[in-house]
Amino acid sequence: MGMIKEATAVILCGGKSTRMGFDKSLLKVKGEFVLLRTVKQLQKIFPKVLLVANQRTKFPAVFSQVTILEDHYHEKGPLGGLATGLEEIETEYLFLVACDIPNLTVDLIRIMKEHLSTYQIVLCQQNGRLEPLFAFYHRSCLPVFQQQLTSKNWRIAKEFDRFSVKIITLDTSTTINNVNTPKELVFWN
């Protein structure tokens, strides 16, 4: 199983992390930065991995080998980070993932990749909820997202009816878990 050459992985590292109480991009599980673990996993299947952050300077020296972009759309939520990534990539697709997923599985990403030639967006759904922060986006989505950024509704899925979208429903054996609170963090440590 080779690299997914038609996509660049982009990890969102902005966010206010209000429920966590500290910046989730610096989250550690068992002494290791979750974000660096995610980068290593993604480097196994993507030729290029980028971070989009609200500010580059917040990262310690251990992140010096990772390309970090500053968000072009400050205070516009994940949609701003997605648009920034789409503006910067050189590949046809971007794989977007949040920085707070300690159990990232490349197997699921490979399953999603199989639908790229047919759809502009490929994402998962679990427990009846779409997971737009664990999804592939085609470069052709950018103009719609840029236009949406001028509105007051920055919910990524708001304009999905304007795209060809493949939704992969996850069963209980495969889950995407992000860590939002100190209580959830205890589970992983």
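Residues numbered from 1 in each chain as written. Predicted model: local features only at pLDDT ≥ 70, side-chain atom pairs only at ≥ 80, totals over all residues. Heavy atoms only, no water.

> I keep staring at the overall build of the protein chain and nothing clicks. Help me out?
The helix and strand inventory of the protein chain stands at five helices and nine strands. Tracing the protein chain from N to C terminus, the helices and strands come up as β-β-β-α-β-β-α-β-α-β-β-α-β-α. Every one of the 189 residues in the protein chain was classed for burial, and the buried ones make up 49%. In the form shown here, the protein chain has an accessible surface area of approximately 9,600 Å², with 50% of it arising from carbon and sulfur atoms. (Helix = DSSP H or I, 4+ residues; strand = E, 2+ residues; numbered from the N terminus. Buried < 20%, exposed > 50% of the residue type's maximum accessible area, 1.4 Å probe, protein only. Areas by Shrake-Rupley, 256 points an atom, 1.4 Å probe, with all protein chains shown as cover.)

> Can you walk me through helix 4 (residues 142-149) in this structure?
One turn of an α-helix holds 3.6 residues; hence residues three or four places apart share an orientation. If you check which residues of helix 4 are buried, you get Leu142, Val144, Phe145, Gln148 and Leu149. Down the axis of helix 4, the buried side of the element spans an arc of 165°, and every buried residue falls inside it. (Arc of directions from axis to C-beta.)

> Is there a simple way to think about the UniProt feature "binding site: GTP" (unreviewed entry) in the protein chain in this case?
UniProt marks Leu12, Cys13, Gly14, Lys24, Asp71 and Asp100 with the feature "binding site: GTP" (unreviewed entry), using the numbering shown here. Note on placement: Leu12 falls in strand 1 (residues 7-12). When sequence neighbours within four positions are dropped, the list of residues in contact with Leu12 reads Val52, Pro78, Gly81, Leu82, Leu96, Val97, Ala98, Cys99 and Leu133. Position of Cys13 among the secondary structure elements: in the loop between strand 1 and strand 2 (28-29). Residues in contact with Cys13, not counting those within four places in the same chain, are Asp23, Ser25, Leu35, Leu51, Val52, Ala53, Asn54, Lys58, Phe59 and Cys99. (UniProt positions renumbered as here; feature names shortened; annotations may be inferred. Contact = heavy atoms within 4.5 Å.)

> How do you make sense of the nonpolar core when you look at a structure like this?
In globular proteins that are soluble, nonpolar side chains generally tend to be buried together. Grouped together as the largest cluster of nonpolar side chains are 38 residues, with contacts concentrated most on Ile11, Leu42, Phe46, Leu51, Ile109, Phe134 and Phe136. Excluding residues that lie within four positions of it along the chain, Ile11 makes contacts with Leu35, Thr38, Val39, Leu42, Val49, Leu50, Leu51, Val52, Val97, Ala98 and Cys99. Core analysis: the second largest hydrophobic core is formed by 25 residues, Leu69, Cys141, Ile156 and Ala157 among them. (Core = buried A, V, L, I, M, F, W, Y, C linked by side-chain atoms within 4.5 Å.)

> Explain the confidence of the model for the protein chain to me, please; I cannot follow it from the model alone.
Do not read the fine detail of predicted coordinates wherever pLDDT is low. Overall, the prediction assigns the protein chain a mean pLDDT of 88, with 89% of residues at 70 or greater. The least confident element of the protein chain, judged by mean pLDDT, is helix 5 (residues 182-188) at 56; the most confident is helix 4 at 97. (pLDDT = per-residue confidence, 0-100.)

> Is there a simple way to think about the pairing of strand 6 (residues 93-98) in this case?
Note on strand geometry: in a regular strand, side chains alternate between the two faces of the sheet. Most of strand 6 sits inside the fold, with six of its six residues counted as buried. Of the two faces of strand 6, the one carrying Tyr93, Phe95 and Val97 and the one carrying Leu94, Leu96 and Ala98 are both buried. Here strand 1 pairs with strand 6 via six bridges, running parallel. Bridging from a neighbouring strand, Ile11 pairs with Val97 of strand 6. (Pairing = 2+ DSSP bridges.)

> Even after reading the chapter, I still don't get the sheet that holds strand 8 (residues 129-138), so can you show me in this structure?
In sheet architecture, strand pairing relies on hydrogen bonds along the backbone and comes in two forms, parallel and antiparallel. Taken in spatial order, the seven strands line up as 5-4-1-6-8-7-9 in an open sheet, and their pairing is mixed. Strands at the two margins of the open sheet, each flanked by one partner only, are strand 5 (67-70) and strand 9 (165-169). Pairs of neighbouring strands in the sheet enclose a mean axial angle of 30°, with direction left out of account. Alignment of strand 7 (residues 121-126) against strand 8, held across six bridges, turns out to be antiparallel. When the bridges of strand 8 are listed, Ile121 appears paired with Tyr137. Strands in contact with helix 3 (residues 106-113) are strand 6, strand 7, strand 8 and strand 9; relative to strand 8, the strand with the most contacts, it is inclined by about 60°. (Axes fitted to C-alpha atoms, helices over the stretch in contact; angles between N-to-C directions.)

> Would you mind going over helix 2 (residues 77-88) with me for this structure?
For helix 2, built from 12 residues, the straight-helix expectation of 16 Å at 1.5 Å per residue is met to within 8% by its first-to-last C-alpha distance of 17 Å. Taken together, the buried positions of helix 2 are Leu79, Gly80, Gly81, Leu82, Ala83, Thr84, Gly85 and Leu86. Along its buried surface, helix 2 packs onto strand 1, strand 4 (49-53), strand 5, strand 6, strand 8 and helix 4. (Expected span 1.5 Å × (residues − 1).)

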